[in-house]
Amino acid sequence: MNDFIFHNPDKVYFGRNIMENLPKELLKFGKKVLMVYGGGSIKKNGLYGLVKNLCNDNGIELFELSGVEPNPRHTTANKGAEICKKEDIDVVLAVGGGSTIDCAKGIAAAAVIESGNVWDLVSTGTWVTDALPVVAVLTNAATGSEMDGWAVISNMETNEKIGLGGSALIPKVAFENPEYSYTLPTYQTACGAFDIFNHVLDNYYLAGDATFDMVLEMQEAVMRSVVKWTPIAMAEPENYEARANLMWASSMALNTILDAGTVHGCACHAMEHELSAYYDITHGHGLAILTPRWLEYILDETTAPAIARFGVKVFGLPENENAMDGAKSAINAVSDFCFNTLGLKSTLTELEIDTTHFKAMAEHSCNGGVITGLKNLTPADVEKIYEMCL
Ligand code: NZQ
Ligand code: ZN
């Protein structure tokens, strides 16, 4: 395993009765708050009114930026940064899913640079060490943005979707009440769940020469939990235990506990971000289509034992003395989970994606090199995997 530093300063309030703590946490940073949210789900489920009342009752001056898109645009983040500069905002409050939290992070980073343009940071791969503080109220168990130092920002003019990272982007405080995810549509529940699953799988096996067994076991436990609780959350949207397991799994998957000592490959994520950059699809759905094909593509005598282990530990398949057969069963189990249990469409063709941009997308996803992982992928490999998804 690799050496590592673990440092995650995010303070998490988790559970039903947590929101009364919001004002005191915001006031630690100041009285002027920019609330960032998406297309209106928080108005329907009452969260918007609750946050407004809590702020009004506690002398907090609230400014608003609404309309953050799924796959948040750099232009929206720039609008927020402009408000921060003009109004001298002290803290950015994200209320929503990963897109809203990511946009809030982009705003927080752009607000402290002269140009106020987040794309200046994203396009240069700048590691963000200075930003306004971000506080997050999570409504969708999916991305892990509530506890990580990443924001994924899209530029639709250039078909680019790129991660902006930095220690200053980790939310200072996150509020996670599983009840806020009760109103999620079934499709978003499924896509979010598979995003969690893939965050773990994309870092699985990658502890280097020596495996880091404790971390592997923890990774498997989180994936198992997603497999167990997602169908329950889909069938019973107000099942607290199911929503709570998924929400904490979302945070665990990317708060760096589960990738301690590993090498970050993130093959499926690198390939998927191109799909959502070009076609604006839902991130978790793109991952679901790619994952079984990626596993199939990298399957050979050297990778079979690890993939077979995953089938046994995560899907409860029987041990198979023949690693290749065990690995094939594991890949079938992933497909079954994605396309039967989660009910997601299984091909890119069904999402109206064809081969037009595959070459360019494959080149971008490898970023001038290869995607490292259990098996390294070149642009030619990535193109073949996209073709397998048609
Ligand atoms: O915009 P609103 O009206 O809020 O509706 C959203 C949106 O339409 C809705 N929604 C969210 N919570 C809801 C709800 N609807 C009803 N009830 C609720 N409680 O769901 C839709 C999708 O929301 P979005 O925030 O886009 O979903 P998600 O949380 O999956 O975020 C996806 C974005 O995060 C990025 C993805 O690439 C994508 O851009 N990622 C961010 C990562 C990070 N920061 O570390 C890592 C991930 O791998 C991922 O790339
Ligand atoms: Zn993801």
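Residues numbered from 1 in each chain as written. Chains lettered and ligands numbered in written order. Predicted model: local features only at pLDDT ≥ 70, side-chain atom pairs only at ≥ 80, totals over all residues. Heavy atoms only, no water.

Participant: Explain the overall build of the chain to me, using residue names and the numbers behind them.
Facilitator: The number of helices and strands found in the chain is 15 helices and eight strands. Computed over its C-alpha atoms, the radius of gyration of the chain comes to 20 Å, within 12% of the 21 Å expected for a compact globule of 390 residues. Partitioning the intrachain contacts of the chain with sequence separation of at least 6 by distance along the chain shows that 78% fall at a separation of at least 24. Only carbon and sulfur atoms are counted for the fraction: they give 51% of the accessible area of the chain, which is about 15,600 Å². Taken as two groups, the 27 positive and 49 negative side-chain charges of the chain have centres that lie 6 Å from each other. (Helix = DSSP H or I, 4+ residues; strand = E, 2+ residues; numbered from the N terminus. Rg over C-alpha atoms; globule rule 2.2 N^0.38 Å. Contact = heavy atoms within 4.5 Å. Areas by Shrake-Rupley, 256 points an atom, 1.4 Å probe, with all protein chains shown as cover. Lys, Arg positive; Asp, Glu negative; His and termini not counted. Charge placed at Lys NZ, Arg CZ, Asp CG, Glu CD.)

Participant: Tell me about the site of ligand 1, and name the residues and values.
Facilitator: Neighbouring ligand 1 are 32 residues, the closest being Gly98, Ser99, Asp148, Lys161 and His199. The backbone of Trp150 places a nitrogen or oxygen atom 2.9 Å from a nitrogen atom of ligand 1. A distance of 2.7 Å separates an oxygen atom of ligand 1 from a polar side-chain atom of Lys161. Here ligand 1, which alone exposes 950 Å², has 89% of that area covered by the protein. (Near = heavy atom within 4 Å. Polar contact = N/O pair within 3.5 Å; in protein donor to acceptor, adjacent residues only side chain to side chain.)

Participant: An account of the coordination of the zinc ion (ligand 2) is requested, with residue identities and associated values reported.
Facilitator: The zinc ion (ligand 2) binds to the protein through Asp195 (OD), His199 (NE2), His269 (NE2) and His283 (NE2); the donor distances cover 1.9 to 2.2 Å. In the primary sequence, the donor residues of the zinc ion (ligand 2) line up as D-x3-H-x69-H-x13-H. With His269 in helix H10 (residues 267-279) and His283 in helix H11 (residues 283-298), this pair connects stretches of sequence that are 14 residues apart. His283 carries the same exposure label as His269, and that label is buried. (Donors = N, O, S within 2.8 Å, 3.2 Å for Na, K, Ca; no water. Buried < 20%, exposed > 50% of the residue type's maximum accessible area, 1.4 Å probe, protein only.)

Participant: Let's hear about the side chain of Thr100: which residues, and what values?
Facilitator: Relative to the helices and strands, Thr100 resides in helix H5 (residues 98-110). Given the relative accessible area of 5%, Thr100 is considered buried. Discounting chain neighbours no more than four positions away, the residues touching Thr100 are Val36, Tyr37, Gly38, Val68, Ala94 and Val95.

Participant: Tell me about the nonpolar core, and name the residues and values.
Facilitator: One broad trend across soluble globular proteins is that nonpolar side chains are buried collectively. Counting 100 residues, the largest nonpolar core has Ile107, Phe197, Met271, Trp294, Phe310, Leu377 and Tyr386 as the members making the most contacts within it. Element by element, the count of residues in this core is highest for helix H13 (residues 323-341), at nine residues. Residue assignment places this core across two domains, with domain 1 (11-180) and domain 2 (186-388) each supplying three or more. Apart from the residues lying within four places of it in its own chain, the contact partners of Trp294 are Leu201, Ala267, Cys268, Met271, Leu377 and Ile385. Ranked by size, the runner-up nonpolar core spans 23 residues in total, among them Val91, Leu93, Val137 and Val173. (Core = buried A, V, L, I, M, F, W, Y, C linked by side-chain atoms within 4.5 Å. Domains from an automatic or database assignment.)

Participant: Report on the pairing of strand E4 (residues 91-96), specifying residues and quantitative values.
Facilitator: Along E4, six of the six residues are buried, which leaves the element largely enclosed by surrounding structure. Taking every second residue as pointing to the same face, both faces of E4 are buried, with Val91, Leu93 and Val95 on one and Val92, Ala94 and Gly96 on the other. Summarising the sheet, strand E2 (residues 32-36) and E4 pair through four bridges and their orientation is parallel. Residue pairing in the sheet places Met35 in a bridge with Leu93 of E4. Across five bridges, E4 lies against strand E5 (residues 134-138) in parallel orientation. Following the sheet pairing, Ala94 is matched in E5 by Ala136. (Pairing = 2+ DSSP bridges.)

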